[in-house]
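# Architecture and fold: a report
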Amino acid sequence: MPSDLRPSPDTVTTREAFERWYWSVDQLESFCERLALRKTGSKALLRARVAAALAGEILKEPGKPGRKSRFQWNREPLGMDTIITDCITFGPRVRRFFSDAIGPEFVCHGDFMTWVRSNPGRSLGDAVEAWWALEERKSDPGFRREIASCNNYLQYLRDFRDANPGHTQDDAKKCWDAKKIRPARDGFVVYDAKDLKFLI
């Protein structure tokens, strides 16, 4: 394989070689399996864990923040007056509650989950109102939902479409597929105007 294209994960044995490329979650999990590492955690954590192992080091991982509440979100009855705790999860029962309270238009998007997790002490009724307020922003023509820093794929597609309004989403995906197997600093694929060459 040409040296400017990403090699197979099975052939990467050094930290320097690993950090030169973008790797998907599946590929990172494959590295973890090969190196006998845990496969749990965020994509960033998997990447850091693999990089450390390839360098012969053990990553000092951040501990989980202590939780004070013992409220069982998957068992306790839920109502508009139920207080949000620091251990809230978004399992089927919580999602069903919001779906029943809001209606079929309810979508448990990242902005909403961030609001809920950031507001322990408020009620589920407050969360319902917050959901409607967050949705109201969609009526603003300039509104754009924030893309999480870990979602390299969506950020690339947005940057491509912003720079090339005459091109389609399929064009953006084609460029992404070609770019992601080329060297990417710190493993993050960044859109560049030169990427349009992949459409030729």
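Small disclaimer: the values here were computed from a predicted structure and weren't measured.

Within the protein chain, the regular secondary structure consists of eight helices and zero strands. The globule rule puts the C-alpha radius of gyration for 200 residues at 16 Å, and the 21 Å found for the protein chain is more than 25% above it. With the C-alpha coordinates of the protein chain rotated into their principal frame, the extents come out at 60 × 45 × 20 Å. Sorting the 200 residues of the protein chain into buried and exposed places 32% on the buried side. Taking all contacts inside the protein chain whose residues are at least 6 apart in sequence as the whole, residues at least 24 apart take part in 43%. Total accessible area on the protein chain is roughly 12,600 Å²; 52% of this is exposed by carbon and sulfur atoms. Each charge sign in the protein chain was given a centre, from 34 positive and 29 negative side chains, and these centres are 4 Å apart.

Glancing now at helix α6 (residues 124-136). Between its first and last C-alpha, α6 extends 18 Å over 13 residues, near the 18 Å set by a 1.5 Å rise per residue. Residues of α6 that are buried in the fold lie against α4 (92-102) and α5 (110-117).

What follows covers the packing of α4 against α6. α6 packs onto α4 with a crossing angle of 65 degrees between their chain directions and a minimal axis gap of 11 Å. Once α4 is placed against α6, the crossing between them reads as right-handed. Residue-level inspection shows Phe97, Phe98, Ala101 and Ile102 of α4 in contact with α6, the latter providing Leu124, Ala127, Val128, Trp131 and Trp132. Partitioned by chemical class, the residues of the contact of α4 with α6 number nine nonpolar, no polar and no charged.

A full pass over the atoms with the stated rule returns eleven salt bridges. For Asp126, the salt bridge goes to Arg122, with nearest N and O atoms at 3.3 Å. Accessibility expressed as a relative area gives 24% for Asp126, which makes it partly exposed. Notably, a salt bridge pairs Asp162 with Arg144, separated by 2.8 Å at the nearest N-O pair. In this pair, Asp162 is assigned in helix α7 (residues 152-163) and Arg144 in the loop between α6 and α7, connecting sequence segments 18 residues apart. When salt bridges with common partners are traced through the structure, they connect Arg15, Glu19 and Glu57 into a single cluster.

Take the side chain of Asn164 next. Mapping Asn164 onto the fold places it in the loop between α7 and α8 (169-179). Reaching out from Asn164, the side chain makes a polar contact with the side chain of Tyr191 at a distance of 2.7 Å. Those residues in contact with Asn164, other than ones at most four positions away along the chain, are Tyr191 and Leu196.

It is characteristic of soluble globular proteins that their nonpolar side chains tend to be buried jointly. Judged by nonpolar contacts, the single largest core of 21 residues is most densely connected at Phe98, Phe112 and Val116. For this core, the secondary structure elements donating two or more residues are α4, α5 and α6. A per-element tally of this core places α6 first, with six residues. Setting aside anything within four residues of it in sequence, one finds Phe98 in contact with Gly103, Phe106, Phe112, Leu124, Ala127 and Val128.

Cut-offs and rules
Residues numbered from 1 in each chain as written. Predicted model: local features only at pLDDT ≥ 70, side-chain atom pairs only at ≥ 80, totals over all residues. Heavy atoms only, no water. Helix = DSSP H or I, 4+ residues; strand = E, 2+ residues; numbered from the N terminus. Rg over C-alpha atoms; globule rule 2.2 N^0.38 Å. Buried < 20%, exposed > 50% of the residue type's maximum accessible area, 1.4 Å probe, protein only. Contact = heavy atoms within 4.5 Å. Areas by Shrake-Rupley, 256 points an atom, 1.4 Å probe, with all protein chains shown as cover. Lys, Arg positive; Asp, Glu negative; His and termini not counted. Charge placed at Lys NZ, Arg CZ, Asp CG, Glu CD. Expected span 1.5 Å × (residues − 1). Axes fitted to C-alpha atoms, helices over the stretch in contact; angles between N-to-C directions. Left-handed = near helix turned anticlockwise from the far one by under 90°. Nonpolar A, V, L, I, M, F, W, Y, C, P; charged D, E, K, R; others polar. Salt bridge = Lys/Arg side-chain N within 4 Å of Asp/Glu carboxyl O. Polar contact = N/O pair within 3.5 Å; in protein donor to acceptor, adjacent residues only side chain to side chain. Core = buried A, V, L, I, M, F, W, Y, C linked by side-chain atoms within 4.5 Å.

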